[in-house]
Structures are given as C-alpha cells and as structure tokens.
Amino acid sequence: MAVTASPSPVPATSERMKRSSRLLGVRDFANASPRVKSISSESSVSNADKVTVCVRFKPPSSPDCYHAYEFSEDGTTLTLSNTHPTVVKRNGKAGREKEYTHRFSGVYLSPEPTLALYEKQIAPLVAKAMAGFNSTIFAYGQTGSGKTHTMSGTSEDVGIIPLAVSGVFEAIEQNPGRQYLLRVSYLEIYNETLRDMLPSSKAPVNEKDRPVIHVVDGNVVVRPLQEEIVRTPEEVLGLLERGQRNRRVGATDWNERSSRSHCVFTMTIESRDGEDLRQSRLSLIDLAGSEKAASNQERLAEGKHINRSLLALGTVIELLSDKNRRPGSHIPYRNSKLTHLLESALGGNANIAVICTLSAETHHSSETLESLKFASRCAQVETQATQGIVASSEKALLQAKEEEISKLREQISTLTSSRQKEAIQEEHDAPEAQHKLHDELELLEERRNRLVEQLRILNSEILSSHSSSSSAVASTIGQLMRRRVSDFIRAHPGKVMQAADPATPSRRAVSSKITLIDEDDSSDNNISSDLFKAYKRQRSVDKEHHNVLLARLTAAESVTAEFQTMKQEVERLKQCLVAESAKSQELMEQLLGRDRLEAQQNRRIRDLESRLSAAVTEGEELKTKRSLSQPAMLPSLNEAGLPLEPSHNKHRTNSPQQKLSDPVTISDRQKVQCSTCELYIERSRTQETIIQGQQSTNRALMEKVGEWQQRVHDQDALIQRLLPKMQQVIQKENTFEEPVKENFAPATPDKKVKAVERTEPREYGSPYRTHISHNSSSKPYLYNDRPRPLPMTETQESNFSPRGHRRVTIEHDIHKLQSMNRVDKTRSLFLSPDRTSSDISEFR
Ligand SMILES: Nc1ncnc2c1ncn2[C@@H]1O[C@H](COP(=O)(O)OP(=O)(O)OP(=O)(O)O)[C@@H](O)[C@H]1O
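Below is a short write-up of the structure.

Rules behind the numbers
Residues numbered from 1 in each chain as written. Predicted model: local features only at pLDDT ≥ 70, side-chain atom pairs only at ≥ 80, totals over all residues. Heavy atoms only, no water. Helix = DSSP H or I, 4+ residues; strand = E, 2+ residues; numbered from the N terminus. Buried < 20%, exposed > 50% of the residue type's maximum accessible area, 1.4 Å probe, protein only. Contact = heavy atoms within 4.5 Å. Areas by Shrake-Rupley, 256 points an atom, 1.4 Å probe, with all protein chains shown as cover. Bend = angle between axes of the 7 residues up to and from the residue. Axes fitted to C-alpha atoms, helices over the stretch in contact; angles between N-to-C directions. Parallel < 35°, antiparallel > 145°, perpendicular 65-115°, else oblique. Left-handed = near helix turned anticlockwise from the far one by under 90°. Nonpolar A, V, L, I, M, F, W, Y, C, P; charged D, E, K, R; others polar. Pairing = 2+ DSSP bridges. Salt bridge = Lys/Arg side-chain N within 4 Å of Asp/Glu carboxyl O. Core = buried A, V, L, I, M, F, W, Y, C linked by side-chain atoms within 4.5 Å. Phe/Tyr/Trp six-rings, centres within 6.5 Å; stacked < 30°, edge-to-face > 60°.

**As for the overall build of the protein chain**
Along its length, the protein chain carries 25 helices and 17 strands. Here the protein chain holds 844 residues, and 38% of them are scored as buried. Put simply, of all contacts in the protein chain between residues at least 6 apart along the chain, 74% involve residues at least 24 apart. Total accessible area computed for the protein chain in this model is approximately 48,900 Å², and 54% of it derives from carbon and sulfur atoms.

**Quick notes on helix α4 (residues 114–130)**
Every α-helical turn comprises 3.6 residues, leaving residues that sit three or four positions apart pointing alike. The largest bend in α4 comes to about 50°, at Ile 122, with the proline Pro 124 one to four residues further on. Of the residues making up α4, those classed as buried are Thr 114, Leu 117, Tyr 118, Gln 121, Ile 122, Leu 125, Val 126, Lys 128, Ala 129 and Met 130. Phi turns positive one or two residues past the end of α4, at Gly 132, with a value near 105°.

**Brief notes about the packing of α4 against helix α6 (residues 160–174)**
Interhelical geometry of α4 versus α6 gives an angle of 45° and a closest axis separation of 9 Å. Here α4 lies oblique to α6, going by the angle between them. As for how α4 packs across α6, the hand of that crossing is right-handed. Contacts between α4 and α6 pair Thr 114, Leu 115, Leu 117, Tyr 118, Ile 122, Val 126 and Met 130 from the former with Ile 160, Leu 163, Ala 164, Gly 167, Val 168, Ala 171 and Ile 172 from the latter. Of the residues in the contact of α4 with α6, the class split is 12 nonpolar, two polar and no charged.

**A word on the sheet that holds strand β5 (residues 101–103)**
One open sheet holds the three strands; their spatial order is β3-β4-β5, and the pairing between them is antiparallel. What marks the edges here is a single partner per strand, and that holds for β3 (69–71) and β5. Across the sheet, the mean angle from the axis of one strand to that of its neighbour is 20°, orientation sign disregarded. One ladder, built from three bridges, connects β3 with strand β4 (residues 77–80); its direction is antiparallel. Within the sheet, the bridge partner assigned to Phe 71 lies in β4 and is Leu 78. Of the strands in this sheet, β3, β4 and β5 touch helix α11 (residues 365–380), which is tilted by about 45° from β5.

**Comments concerning the pattern of salt bridges**
Applying the stated criterion to the full structure yields 13 salt bridges. The residue Arg 178 makes a salt bridge to Asp 276 at a minimum N-O spacing of 3.2 Å. Of this pair, Arg 178 sits in the loop between α6 and β8 (179–190) while Asp 276 is found in strand β16 (residues 276–286), placing the two residues 98 residues apart along the sequence. By relative accessible area, Asp 276 is classed as partly exposed at 23%. Two residues, Arg 685 and Glu 682, come together in a salt bridge whose shortest N-O distance is 3.9 Å. Here Arg 685 pairs with Glu 682, and both are found in helix α19 (residues 666–736), just three residues apart, close to one helical turn. Overlapping salt bridges bring together Arg 178, Asp 276 and Arg 278 as one network.

**Remarks on the nonpolar core**
Membership of the largest hydrophobic core comes to 52 residues, with the highest contact counts inside it found for Val 55, Leu 313 and Leu 346. Those residues within four positions of Val 55 in sequence are excluded, and the remaining contacts are Leu 78, Phe 104, Gly 106, Val 107, Tyr 108, Cys 356, Leu 358, Leu 372 and Ala 375. Tyr 108, Ile 137, Ala 139 and Ile 160 belong to the second-largest nonpolar core, a separate cluster that totals 41 residues.

**Regarding the packing of aromatic side chains**
As enumerated under the stated definition, the model contains six aromatic pairs in all. Summarising the aromatic geometry, the rings of Phe 57 and Tyr 66 are spaced 5.7 Å apart at their centres and angled 85° between planes, so their arrangement reads as edge-to-face. Taken together, a centroid distance of 3.8 Å and an interplanar angle of 15° make the contact between Tyr 140 and Phe 374 stacked. In this pair, Tyr 140 is assigned in strand β7 (residues 135–141) and Phe 374 in helix α11, connecting sequence segments 234 residues apart. Members of the aromatic cluster, joined through ring pairs, are Phe 57, Tyr 66, Tyr 69 and Phe 71.

As structure tokens, then:
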C-alpha cells in the first residue's frame, strides 16, 4: 500500500511560539476568574467585505522561471509577461491585457517566509476569530506547489497553523479579563469520506461511527467528532502532530509526499467576560492539490475524487463571485463533501482568506494560470460575517456545563485524594500487617515443616529400599528453604509490607510471592523491582481512571449540546405543527365553502332542469300543433321538440352515470348544463314567438275561412233559388219545345222528380259534385236516361231558340257558381285547422 502515515511535519516551535507557550502554558480556563475588560484587538475588528486572497510562489528550480510573470512594485499585482507560454501561444497580449493581470492582497515570492504572509494576511483574521467572528483560511493550488509547506511549515519556516495557534494564545494572554475555552478538532476528507484524525486508536472505525455532516440551525456541524479541550499551545501542536501522523500521504508523479486528502483543523473559541459570551471557529484547511492523471491506479482514483471536489469548490466560488447572481439563488454546496463542509463559511458567515500556492516553472504555466483565475474569482466573493454572540439560553447551558465540569473535577480530586489516603493508611497499618504477615508465615512454615516431615518419612520409606543419602538431601533443602524465608522477612520487613496490597488484602498473593522468593534465592533483589512494578501498574490504572473521567466529561458536554439541539428541534417541530394545523383549518373552511357553493349550484341546476323539462313539454305540444298546421315549415326536431344539434343531443343523451364518470370537474359539468339549459330556454322562447306568429296567422286564416264559408252559404242559397227556376225552364222546355227533344234522351219521370226534389244542402262528395266534375264517363243527372247531346257552342245554342238561350245562360250561371263554390270550399278545407287527411284525399 503506497499510502503511508506521515512522520510529524509539525515544526519545532519558533521563538515566538515559545514565548506564547511560556506565558500561557499554566492558564486554566475553568478556574480562571474574570479580571479586566475585553481583548484589545476587539475594538479594531470589523467585518471584511471581500475574501482576502494572496498568492505564493514556491521556490522555482531557476530564477529565470519568474520571467514569465511581471510583478508590481507594491507586491499586489501579477501580470503574465510576453514570454509566458499562454501569451506566446496566443500571439501576444493584445486585447487580453485585463485577462492576464491579476490583483491580490499580496504576491509572495521566495525566499519570503510564511511569517511575512501570516502577519499581513492571516493575523487580522485570527484577531477576528478571537473577537467572535468565524474565520476560515485555506490553501489552494496544484499538487506540489507548497500548500502543506505553507500551512504546516517546517522548523525553518513556521507554517500558518502553528502561527495561528500562537496568535490565539497571544491574544488570550493580552486579554486577561476574558475567560477562554478552546477546543480543537481535526478532520480529513479522503475519497469523499470524512475521518476524525484525533482518536489515538488505530482500530478501523465502524460505518455508523464515521463523522457525518449535519446542518443545525443553518450551521454546518460534523458529528461524531472528537473535540479536545486545550490549555497550552503545546497541547494544540501535540494534537496537530497526532492528526498529521494519521494523514494520508503518498508518492505521486509530482510530489514525493503528496497529501491525498483535504484536512480541516478547527479551533473553537468560546470566551466570556461577565455576561458577554462569544463563540467562533478558526478553520485552517490544507486542501489536496489538483493534479493530472497519475500513472498509479490508486493515485488515479484519489486524484479523481480530489479533482471532482476542487471542481465543485471552483463552481461554488464562480457562482458566489457572479455579480449578476440573484440573491438567494441556488448554490450547489452539496455536490461535494468539501463544499458542504464549507457551506457556512462560503455562504457568508465567515471571514475568508485564500492562500493560492503557485509553481513558476514553465511546464506548470497552464495549471498556474488556472490557479490564478480561481484566486481572482475568490477575490470577488463577498462575505458578511456575524459575531457569534452566545444567546442567554446558551449561556445557561454553558453555566450548566461549567458546573458539570467542576463536579467532575471534584470527583477526580476526591478519587485522587482517596488514593492518597489509602496510601497513607497503608503506611499507617504497615507494622500491624507485618505482624499478621509474620504470624501467617509462621503458620505456613509450620505447615511446610509438617509437609516436609511427611515427605521425609515417605522418602525414608522409599529410600529404605534405595539410598539413604536422598532423604538427607531433602531434609537439607527443606531446612535451607525455611531459613531463607524467615531470614528474608527479618532482613526486608518494608518490602514485604509493600507487597501487601491494601486494595486486595490478599495473603495468598503475598504468600505466593514469598513462595516464589523462597524458591529462588537470587530473587531477593528482584522483589523491590516487582513491588515497584506493581506500584507503577496501580499508577497507570489511576491514570486510566483519570482519562476515563475526562472522556466522560467530554461525552457529557457533547450529550448536553445534543440535548439542547434536540430541544430546539422539538420546538421547531411544535411550531411547524401549529402552522400545519392552522393551514388544515383554513383548508377545511375552504372545503366547506366549496360544498355550500356546490349545493347552491346543484339547486340551480335542478331548478333549470325542471324549467327545461317544462319547456320541453311545451315544445312537444307546440310541435304536435305545428305538425298539424304547417308540416312544411317545421324544422327537423328531436324528441324534445328542439332543433337537432349534435353537441346539444350529446349533452341531452348523457346518462347521469356517464356524467359522473366524466373526467371533467363538477363545476365544468355544471357550467355545461347551465349553458345547455339557457340554450333550451332561448330556443323555447323562439318557438313561443314562432307559435304566437302562427297562431295569429291561423286566426287571420280562420277569419277568411269564415268569410268564404259565408260566401259558399250565400252561393248555395243562390243556387237553391236558381234551381227551381231552372227546373221550370227545363219542364217548359220538355213540354213546349218538342223539336229539341230529339236532341235529348227522354228523362224518366222518377229521375226528373229526383232532380227537382233535390233541395237538401249539398254535402262534400255528394252526387251533385260528381255531376260538376270533369269526369266525362259520369253522366249529369239531367241526362241520366238520355244520350248526352253533342256539345254546342253558346252562339249555336242562342241561335237555336230564345228559351234554349235562357237555359244555357242559367246553366252557365249555375255552373259558374258551382265552380266558385268548389274553389271556396277547397280553400276553406285547406285553411281549416280541423281538416283531416281523409278529407283531403277524399277531396282529391
Ligand atoms: N515556499 C517554500 N519554500 C521551500 N520549499 C517549499 C516551499 N513550498 C513548497 N516547498 C517544497 O515543495 C515540496 C512540495 O510541497 P508541498 O508538499 O507543500 O506541496 P503540496 O502543494 O502540499 O502538494 P500536494 O498537493 O501534493 O500535497 C515540498 O518538498 C516542500 O518542502
């Protein structure tokens, strides 16, 4: 595996650091009492408007490399010279002067030390952090351009992080009136995964224990994350060193010890001066370097993650620097862990400084140009940091925390003192224990003697068959051993006392020790070291206990913080619930209103429908009447008596079920129904008008019919009056004008009487009408029994005889009257509303 844990790159503290630590090393936050007023830098601190951006060149391989750039006298502006490869490639700078000129807060060339950069660019941000404003400082640049060198530094060139730590402690020293609580955390983003760098255990971390980014009240927080309370710069640097040992570095094609992760070192600064409580964060970030494709597969995979996150950072910066951006428009902070982590800072609530590291070598010119562009965009970003004044509820929380801390401290001191007491008691009880031990040893010796005696007897029994010398040896050994133990007790009473552990007054342990001593004479000297070791073990147990208590203290703090957060969350949820219930109430009211409206509309529809059905019935009646009176004028109607229209019929024929299953909304259906009803009513009105018109026409016609009937009646009366005359004429004719007879067939007397007696009013379709019809096959009753005379002209007839002439005239008159009567009857028949089709067909 190419990734290795790096040896500590943290430099030895500079003279400046040493001074700080000497001054502040003994300071204890929790026990410090408030003294004088706030820190001096506080009054001069104000919010920065723009991000502070400076660039720093790594020492080039040759001074000639700088020829590609021109630097302004005041050390703030850098311009690409005519020899820069990009300028050469684009045939000079014409028209692009602005694009090639970059202005920053500072341009640093080697051999300027990091201290110069720190003092001018970074120290103000550290002062702001001390005054309660969040400050974020990060190093950006291509791989191998000197980010880690600038941030962490070396023993010769102290880096930004140690200088900032020094600056923090210096500020604390200068402001004895404030109480400070400093906490340190160290975090790494490696392949888009967060890792806590402070835990000393190297055991692999469970997925659920990995740090995760949360947003609480608009602030980005990482949990779980170890935060160590620090009191001295040495403690901070120790933690920095510990974290950097865990940092992933690996050899790449461009850097022997390339950082493969983004590292975020954060100091949380809480301070109090009476009721004035402040909280801020000072974040120092060493980004991994942007790089080209690496030859090694693992480096390549890391490089992809690094480049992707840097690209996300570039996008965020580009959007933030866009002057035309709408306020509140979306910024994709969550596209990478890095930008998500920096969301609060980049979002505006922090003073930001960017140190852009560059390589002047010609073969890095394009990467350097990209870095310069990124730096220029950063310089356009505006920030509006707010002072982290701790609210009263948080003050109470801090108070509670402090109380808890002091309780835990008390517990620790109680434990420590109890240990001390025990030790004193041990000393006090020593002679007594010694006596007890002595008695015990005596007893043990006796037992041993007995056992040895038994052994000797057994041996003698065995040796009786072997050798007697062995029993002598055994006896000698037993005596020798007894002597040594008692000698030892007499010679080292103190040591035996120490061996008796008061926590476990175990005679057995002591006796086993003594047994061991007894068995080996040479262990006399070792016993003191054994006892010392036991004592050391006890000490280390105590220390561990101490550490456990401290860990519990830290855990209690984080639990309290979490509890507070949860409480706030519950409050927020409660508010949400209230708002939601108000909303639902409003919606219910709206729904009720809609229901009422719908009921009204339904009533209206029912009303319209009843009106419509009335109109339809009326229309039906009218249709029947009209079909009788004027069939030709009738328009094509549907069964409701309304003019046929496809759309109209469609609505009419829809069943209620179909209407309900229609995808249109109820209100739409109601609208359609309303408009249909209105159409029906309109049409009914039109029909009423038409019918009224027809009725008036009918009335006029009826009047005419009456007139004609009167005329027919008059004519009938005239005919009746004329008929006897005509009879008389015919009789006279038959009687006196014999010569005429030959022209006529003789009439039978019955027929004549019949003809004469015909006085009853003539009915439609009576034989009389047959007589006047033009049907030549039927004979007129006058000639019923005689052959029909040849037709004569009027002149012929008048010339024939005067009587004949008279008869012809009378006949002519009658004929004329009859034809007139017929026409009138026809008219009255057609105009009569009571006519029937049989009448008409009979008439025809
Ligand atoms: N200003 C400087 N003065 C002296 N040496 C420097 C300077 N800047 C960089 N170096 C040297 O250049 C080499 C690469 O520097 P460093 O590791 O800091 O680069 P880096 O930008 O952090 O690279 P990576 O992104 O790969 O981690 C180191 O050996 C470092 O000592």
